[in-house]
Amino acid sequence: MIQFTVYRNAKSKQWVTFVHGAGGSSSIWFKQIRDFKKHYNVLLLDLRGHGNSKPTLKSAFKQKYTFSALATDILEVLDHLKIEKAHFVGISLGTILIRQLAEMHPERVKSMILGGAILKMNFRSQILMKLGNVFKYVLPYLVLYRLFAFVIMPKKSHKQSRLLFINEAKKLYQKEFIKWFRLTAEINPVLKWFRQAELNIPTLYVMGEEDYMFLPSVQKVVEKHFNSSSLFVIAQCGHVVNVEQPAIFNKNVISFIERIS
């Protein structure tokens, strides 16, 4: 089972589960914990190979990672803690895992808050992934990760987010990075399905105004999925919205959860 941290609130029966992105860990939510635990029970996860979920000898011989397998990891923690239903907050690739879990078990997902959501790989990101596939066995993974971080978060104002993710990525192993990178082989058909299929689950997309790689596709999807989805764009903010603008992020996410509850 992947590692997790729980903050219980005796006054609430509601759970909010936080899912980080590739190369991060549960520590990226440090600016959310104080505000959210005042209102809800909070569950923080470390995905496979990240944070305290270190790969074991047994897991080293497992088959390649898939989005459904990684979503099942999250479900195992919910079952272990006897959490029947939760609000899910994700960032970057974590948003894909939340959506995958919602596809598999919609009855377990009360709402989805998708920050820096990835719904389509644009031309620049496709080129980036192809370069990564060519050089993933040649270059140290941190070189590739630094390149990805600078392309996704290029501005000076994105420096804090960039450094946070690079420092967290240093804790990964090369083989673990390659396993995660292989997920890109299945990402396009998965994202295409997500763009087409609207789930009957309240969904809030929280995007940075400067998230040039992913914001346009989210805007188009929200226009189509207007029955269940809404979009909040944070001005002067890049991809990692919860780190760059935590006060605005926290206020609007908590307000959204309160409305649907």
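What counts and how
Residues numbered from 1 in each chain as written. Predicted model: local features only at pLDDT ≥ 70, side-chain atom pairs only at ≥ 80, totals over all residues. Heavy atoms only, no water. Buried < 20%, exposed > 50% of the residue type's maximum accessible area, 1.4 Å probe, protein only. Helix = DSSP H or I, 4+ residues; strand = E, 2+ residues; numbered from the N terminus. Pairing = 2+ DSSP bridges. Axes fitted to C-alpha atoms, helices over the stretch in contact; angles between N-to-C directions. Left-handed = near helix turned anticlockwise from the far one by under 90°. Contact = heavy atoms within 4.5 Å. Nonpolar A, V, L, I, M, F, W, Y, C, P; charged D, E, K, R; others polar. Polar contact = N/O pair within 3.5 Å; in protein donor to acceptor, adjacent residues only side chain to side chain. Phe/Tyr/Trp six-rings, centres within 6.5 Å; stacked < 30°, edge-to-face > 60°. Lys NZ or Arg CZ within 6 Å of the ring centre and 35° of its normal.

Visitor: How would you sum up the pairing of strand β3 (residues 41–45)? Please name residues and give values.
Guide: Burial analysis of β3 places five of its five residues in the buried class, the great majority of the element. Residue alternation in β3 divides its side chains into two sets, Asn41, Leu43 and Leu45 and Val42 and Leu44, and both sets are buried. As paired strands, strand β1 (residues 4–7) and β3 are joined by four bridges and run antiparallel to one another. Across the sheet, Val6 pairs through a bridge with Leu43, a residue of β3. Sheet topology places strand β2 (residues 15–19) next to β3; four bridges connect them, and they run parallel. By the bridge assignment for β3, Trp15 is matched with Asn41.

Visitor: I'd like a rundown of the packing of helix α4 (residues 93–104) against helix α9 (residues 184–196), residues and numbers included.
Guide: Running from N to C, α4 and α9 point in directions that differ by 65 degrees, and their axes come no closer than 11 Å. The two elements α4 and α9 cross, and the hand of that crossing is left-handed. Along its contact with α4, which presents Ile96, Arg99, Gln100 and Glu103, the element α9 presents Ile187, Val190, Leu191, Trp193 and Phe194. Looking at the contact of α4 with α9 residue by residue, the classes come out as six nonpolar, one polar and two charged.

Visitor: Give a detailed account of the side chain of Asp73, specifying residues and quantitative values.
Guide: For Asp73, the location among the structural elements is in helix α3 (residues 67–80). Polar side-chain contacts of Asp73 include one of 2.5 Å to the side chain of Arg48. Once residues within four sequence positions are removed from consideration, Asp73 is found in contact with Ile2 and Arg48.

Visitor: Which residues make up the sheet that holds strand β5 (residues 109–115), and what values do they have?
Guide: The strand order β1-β3-β2-β4-β5-β6-β7 describes an open sheet built from seven strands, whose pairing is mixed. Bordering the open sheet on either side are β1 and β7 (229–234), each of which pairs with just one other strand. Across the sheet, the mean angle from the axis of one strand to that of its neighbour is 15 degrees, orientation sign disregarded. Strands β2, β4 (86–91) and β5 of the sheet are contacted by α4, whose axis makes an angle of about 150 degrees with β4.

Visitor: Got a sec to walk through the packing of aromatic side chains? Specific residues and values, please.
Guide: Taken as a whole and judged by the stated rule, the model has three aromatic pairs. The interplanar angle of 40 degrees and the centroid separation of 6.4 Å between the aromatic rings of Phe36 and Tyr40 together place this pair among those described as tilted. With a relative accessible area of 0%, Phe36 lands in the buried category. One aromatic cluster is present, formed by Phe18, Trp29, Phe36 and Tyr40 through successive ring pairs. The ring of Tyr65 carries Arg48 above its face, with NZ or CZ at 4.8 Å from the centroid.

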